[in-house]
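# Survey of secondary and tertiary structure
Each chain is listed here by its residues.
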Amino acid sequence: MSTPTPRKTPDQLRSHRWFGVQDLRAFGHRSRAKQMGYGPEDYLGKPVIAIVNTWSDINQCHAHFRDRVADVKRGVLQAGGFPLELPAISLSEPFVKPTTMLYRNFLAMETEELLRSHPIDGAVLMGGCDKTTPGLLMGAISMNLPAIFVPAGAMLRGNWHGKTLGSGSDSWKYWAELKAGNITQEEWGEIESGIARSHGMCMTMGTAATMTGVVEAMGFSLPSASSIPAPDANHPRMCAAAGRRIVDMVWEDLKPADIISAQAVDNAIRCHLAMGGSTNAMIHVVAMARRAGVNLTLQRFDELARRIPVLANVRPSGAFLMEDFYYAGGIRALLAQLKAELDLDCPTVNGRTLGENIDGAEIYNPDVIHGLNDPVSKEATAILYGNLAPNGAVMKPSAADPRFLRHRGPALAFENYNHMAAEIDRDDLAVTPDHVLVLKNAGPVANGMPEWGMLPVPKKLLKQGVRDMMRISDARMSGTSYGACILHVSPEAAIGGPLAFVRTGDNIEVDVPARQVNLLVGEDEIARRKSAWQPQPPPPRGYGRLVATHIQQAHEGCDFDFLLGTEPLPEPEIH
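Residues numbered from 1 in each chain as written. Predicted model: local features only at pLDDT ≥ 70, side-chain atom pairs only at ≥ 80, totals over all residues. Heavy atoms only, no water.

## Considering the overall build of the chain
Secondary structure assignment for the chain yields 22 helices and 14 strands. A compact globule built from 575 residues would reach a C-alpha radius of gyration of about 25 Å, and the chain, at 24 Å, matches this within 12%. Of all 575 residues assigned to the chain, the portion counted as buried reaches 59%. If you sum the accessible surface of the chain, you get close to 22200 Å²; carbon and sulfur atoms cover 51% of it. If you average the places of the 56 positive and of the 63 negative side-chain charges in the chain, the two averages end up 2 Å apart. (Helix = DSSP H or I, 4+ residues; strand = E, 2+ residues; numbered from the N terminus. Rg over C-alpha atoms; globule rule 2.2 N^0.38 Å. Buried < 20%, exposed > 50% of the residue type's maximum accessible area, 1.4 Å probe, protein only. Areas by Shrake-Rupley, 256 points an atom, 1.4 Å probe, with all protein chains shown as cover. Lys, Arg positive; Asp, Glu negative; His and termini not counted. Charge placed at Lys NZ, Arg CZ, Asp CG, Glu CD.)

What follows is the structure, encoded as structure tokens:
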């Protein structure tokens, strides 16, 4: 018979240092709480729960969080805790420029310091829009207070003329058709009105759905939480359940360090692969793992990718959307197909193991969630190396035209995005379907690593019926996108990586089965080009200067070098 885990006593709560002692500072804390309408009976001897809410007026994915925070508070109060909402930077994916990736680490720092500097015993992390999930978790892992993640949930399916629309994926698809002259401007406007029909995250298997699924598989969300659509009545009930559960987690002292491990990280990667998840997950999972002291490398993704096929038939690697995925059984049904590959003993936030959480899960629609004996595609991820990417590059073979898995062609090189945008739609552009489009200076130091890697097919080729071609960059691409795109080339061009020295006309060879991407130019010539290369100066001031000075490369997770390490920072002095 197992021995019950000792539960904390009220005087062992972290918040006791602020509220429970008898000195002048605690007097000030209690009097200011009374100023806000709270009496001692509201908080004394109770876990104080931070609800870190990434809601804002300009975050469409989190539009419902203003209401959902009340559901979380209801659960906290039901379980005998004291909830406090702490707003954090919202990071709305479509609106923040040049990219929310620039501010992921900002959110991680903010989350860690919100929890450290306030009288907090545990946290409910409310996120979902692409960078909010890893940012919140990175901060919570470093702070290492009990924490549970509440995912925003996917929006409803889009619709146009009776056709199902998927966010992102169909944006790129129909934009190409508009440029090719196959749909009218009026029809394009109708698509604009039908593609996003409710609050919630992208309903394709973009970065948002990928990362919330990854976090659940890692153990930080309640079972099925990541699959529930945002408008579904199950979503507010899940929020209340998370609020109740975090209170017990505080008494049990169940912290991120008790949940995340090398085995839990492997489970998360296997989930990502089976979902056919976003290539962005590789950067975020590496960063999250390293915050916990797990030295994850890109090679591990490739090792597991050779074993785990794509099982989720969800766009852009499949045909359906996240709403269909939920009705088909959701993340529990998907993980149940991987039982033989998972470490089922990994603990999760609800106090049960991953194996217990997925026990009995069934697939209700085998067209949406496939079994291992009938995968959607063989590989979701490939990590490529070679003289063009000494530290690795990322590709999503399941979303590319198969003919590009082995390809050799001349480069059409662009020095930056503006150069590309000025040239790509010229009618006299010297380009063929065999060309390799190359975008430089879009990496973490250069620009914060925006989602520019799904370079547009030149208008000249679109009119000829071409819909895919080989593209290489040090940028990321939207998880909702598709095509033969090699991304995250490391080291990036801005710090003198080999990508900086590619010239138009150079031949590039890609061999995905062999995991190779090479610039077919002699070493002496590359060295000559490098000697003439000059880096761009960093931004003169501000947060951009901090990023350019301290951000790591893509294969390292793009975290700040000064945020690494698992040694806890000291608790704040209270005087």
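## Section: the pairing of strand β10 (residues 436-439)
Look at any regular strand and the pattern is simple: side chains alternate between the two faces of the sheet. The side-chain alternation of β10 yields two buried faces, one formed by Val436 and Val438 and the other by Leu437 and Leu439. Across 4 bridges, the pairing between strand β9 (residues 406-414) and β10 is parallel. By the bridge assignment for β10, Ala411 is matched with Val436. Relative to strand β11 (residues 471-473), β10 runs parallel, the two being bridged by 3 bridges. Across the sheet, residue Val438 finds its bridge partner in β11, namely Ile472. (Pairing = 2+ DSSP bridges.)

## Some remarks on the packing of helix α12 (residues 262-275) against helix α13 (residues 280-291)
It is the contact of α12 with α13, at a shortest axis distance of 11 Å, that shows an interaxial angle of 170°. Our classification of the angle between α12 and α13 gives roughly antiparallel. Contact residues: α12 offers Val265, Ile269 and His272, while α13 offers Ala281, Met282, Val285 and Ala289. (Axes fitted to C-alpha atoms, helices over the stretch in contact; angles between N-to-C directions. Parallel < 35°, antiparallel > 145°, perpendicular 65-115°, else oblique. Contact = heavy atoms within 4.5 Å.)

## Focus on the sheet that holds strand β1 (residues 48-53)
What the 4 strands build is an open sheet, ordered β2-β1-β3-β4; its pairing is parallel. The open sheet is flanked by β2 (82-87) and β4 (147-151), the only strands paired with a single partner. When the angles between neighbouring strand axes are averaged without regard to direction, this sheet yields 20°. Where β1 meets strand β3 (residues 122-127), 5 bridges bridge the pair, whose relative direction is parallel. In the strand pairing of β3, Ile49 is matched with Gly122.

## Quick look at α13
Here α13 is 12 residues long and its end C-alpha atoms lie 17 Å apart, about the 16 Å a rise of 1.5 Å per residue gives. Burial runs high along α13: 11 of the 12 residues are buried. Within α13, burial applies to Asn280, Ala281, Met282, Ile283, His284, Val285, Val286, Ala287, Met288, Ala289 and Arg291. Immediately downstream of α13, the backbone of Gly293 shows phi near 85°, a positive value. (Expected span 1.5 Å × (residues − 1).)

## A few points about unusual backbone geometry
Trans peptide bonds make up the majority, and among non-glycine residues the majority have a negative phi. Lys97 connects to Pro98 through a cis peptide bond whose omega is 0°. With omega at 10°, the peptide bond leading from Arg315 into Pro316 counts as cis. Note that Pro316 resides in the loop between α14 (298-305) and α15 (322-327). Of note, the phi angle at Arg515 is positive, near 60°, even though the residue is not glycine. With respect to the helices, strands and loops of the structure, Arg515 is situated in the loop between β13 (507-511) and β14 (516-519).

## Some remarks on the environment of Ala494
Note on placement: Ala494 falls in the loop between β12 (485-487) and β13. Owing to a relative accessible area of 17%, Ala494 belongs among the buried residues under this scheme.

That is the geometry; function is a separate question.
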